[in-house]
Amino acid sequence: GAVVSQHPSRVICKSGTSVKIECRSLDFQATTMFWYRQFPKKSLMLMATSNEGSKATYEQGVEKDKFLINHASLTLSTLTVTSAHPEDSSFYICSANRGLGFPDTQYFGPGTRLTVL
Amino acid sequence: DQQVKQNSPSLSVQEGRISILNCDYTNSMFDYFLWYKKYPAEGPTFLISISSIKDKNEDGRFTVFLNKSAKHLSLHIVPSQPGDSAVYFCAASDRSGAGSYQLTFGKGTKLSVIP
């Protein structure tokens, strides 16, 4: 099956620092990856759509300067939370489209728990 | 304004019985629907999907039914097993839209299967 990995799985950082989260599709190429954020007992909130070789598309209300996304290759997208603050603490999940024949089926990474002290 | 609604936040079912999880949507442009299963502190796992040209799709113990006129879909799990206990998310996509095939998720239903 389609496998997506995320690294790190957990990170604790001090307020004001930046944190980079990696999302990799391990056995398929993904021209499109998505970044979600999940608050406790809430649904998955789409933050941005990451397209290989072009700028990410951010959802309304998501600060593009705070959440930097880079889709450097067909198997790697990174999300950098810049100058993190406690309110950025959350569970961040990435997903990738499998591609031809399954354009809508997204395969998710295991998520990254970010805690900002 | 929720376009995908899962009105039951939780559901408890006895092991071996049928679990029925419901999902309603409001956007008539949605034409592809998916169910995901999620354990705590993990990413969602794709379970099953259905295109709007079908009204039923079956995969082992999992069957998804789609009623387009009612804008309603349901996931049936038969027989339910304790390992099925998780949060189930319904998601929808508008494939007629340009580009990126974004998914719109419901809030999820927590299924507990009691041994």
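The structure under discussion appears in the preceding block.
Every value quoted in this text rests on a predicted model; they were computed, and no experiment measured them. (Residues numbered from 1 in each chain as written. Chains lettered and ligands numbered in written order. Predicted model: local features only at pLDDT ≥ 70, side-chain atom pairs only at ≥ 80, totals over all residues. Heavy atoms only, no water.)

1. Considerations on the overall build of chain A
At step 1: Of the regular secondary structure elements, chain A holds zero helices and 11 strands.
At step 2: Relative to its length of 117 residues, chain A is compact, with a C-alpha radius of gyration of 13 Å against a globular reference of 13 Å.
At step 3: Projected onto its principal axes, the C-alpha positions of chain A cover 45 × 25 × 20 Å.
At step 4: Looking at chain A as a whole, 50% of its 117 residues qualify as buried.
At step 5: Long-range contacts, defined here as pairs at least 24 residues apart, represent 54% of the contacts in chain A between residues at least 6 apart.
At step 6: Roughly 5,800 Å² of accessible area belongs to chain A as shown, and the carbon and sulfur atoms make up 53% of that amount.
At step 7: Placing the 12 positive and 9 negative side-chain charges of chain A at their respective mean positions leaves the two points 7 Å apart. (Helix = DSSP H or I, 4+ residues; strand = E, 2+ residues; numbered from the N terminus. Rg over C-alpha atoms; globule rule 2.2 N^0.38 Å. Buried < 20%, exposed > 50% of the residue type's maximum accessible area, 1.4 Å probe, protein only. Contact = heavy atoms within 4.5 Å. Areas by Shrake-Rupley, 256 points an atom, 1.4 Å probe, with all protein chains shown as cover. Lys, Arg positive; Asp, Glu negative; His and termini not counted. Charge placed at Lys NZ, Arg CZ, Asp CG, Glu CD.)

2. Re the state of the cysteines
Residue and element names in this part refer to chain A.
At step 1: Per the stated rule, a full pass over the model turns up two disulfides over all chains.
At step 2: Paired by a disulfide, C23 and C94 hold their sulfur atoms 2.0 Å apart. With the S-S dihedral at roughly 80°, the linkage between C23 and C94 falls on the right-handed side. You can see C23 sitting in strand 3 (residues 19–25) and its partner C94 sitting in strand 9 (residues 90–99), a full 71 residues away along the chain. (Disulfide = S-S within 2.5 Å.)

3. Some words on the packing of aromatic side chains
Ring pairs (aromatic) are described by centroid distance and by the angle formed between their planes.
At step 1: As enumerated under the stated definition, the model contains 12 aromatic pairs over all chains in all.
At step 2: A centroid spacing of 6.4 Å and a plane angle of 65° characterise the contact between A:F28 and A:Y107, whose relative ring orientation is edge-to-face. Here the residue A:F28 occupies a position in the loop between strand 3 and strand 4 (32–38), and A:Y107 occupies one in strand 10 (residues 102–108), the gap between them amounting to 79 residues.
At step 3: Taking relative accessible area as the criterion, A:F28 reaches 11% and is therefore assigned buried.
At step 4: Centroid distance A:Y107 to B:F46: 5.9 Å. Interplanar angle 65°. Geometry classified as edge-to-face. Within this pair, whereas A:Y107 is found in strand 10, its partner B:F46 is found in strand 5 (residues 45–51), the two belonging to separate chains.
At step 5: On the accessibility criterion, A:Y107 (13% relative accessible area) is buried.
At step 6: Residue classification places B:F46 among the partly exposed residues on the basis of a relative accessible area of 24%.
At step 7: Ring pairs connect the aromatic residues A:F28, A:Y36, A:Y107, A:F108, B:Y36, B:F46, B:F89 and B:F105, which therefore count as one cluster. (Phe/Tyr/Trp six-rings, centres within 6.5 Å; stacked < 30°, edge-to-face > 60°.)

4. Points about unusual backbone geometry
Peptide bonds are trans in most cases, and residues, glycine excluded, mostly fall at negative phi.
At step 1: In this model, A:H7 is joined to A:P8 through a cis peptide bond whose omega is 0°.
At step 2: Within the secondary structure, A:P8 sits in the loop between strand 1 (4–7) and strand 2 (10–13).
At step 3: Phi is positive for B:K71, close to 50°, though the residue is something other than glycine.

5. A look at the sheet that holds strand 8 (residues 72–77) of chain B
Backbone-to-backbone hydrogen bonds join strands into a sheet, with any given pair of strands oriented parallel or antiparallel.
Residues and elements named next belong to chain B.
At step 1: Within the open sheet, the five strands sit side by side as 1-3-8-7-6. Their pairing is antiparallel. The open sheet has two edge strands, strand 1 (4–5) and strand 6 (56–59), and neither has a second partner.
At step 2: Across six bridges, strand 7 (residues 62–67) lies against strand 8 in antiparallel orientation. If you follow L66 over to strand 8, its bridge partner there is L73. (Pairing = 2+ DSSP bridges.)

Spatial relationships are all this shows, so hold off on functional conclusions.
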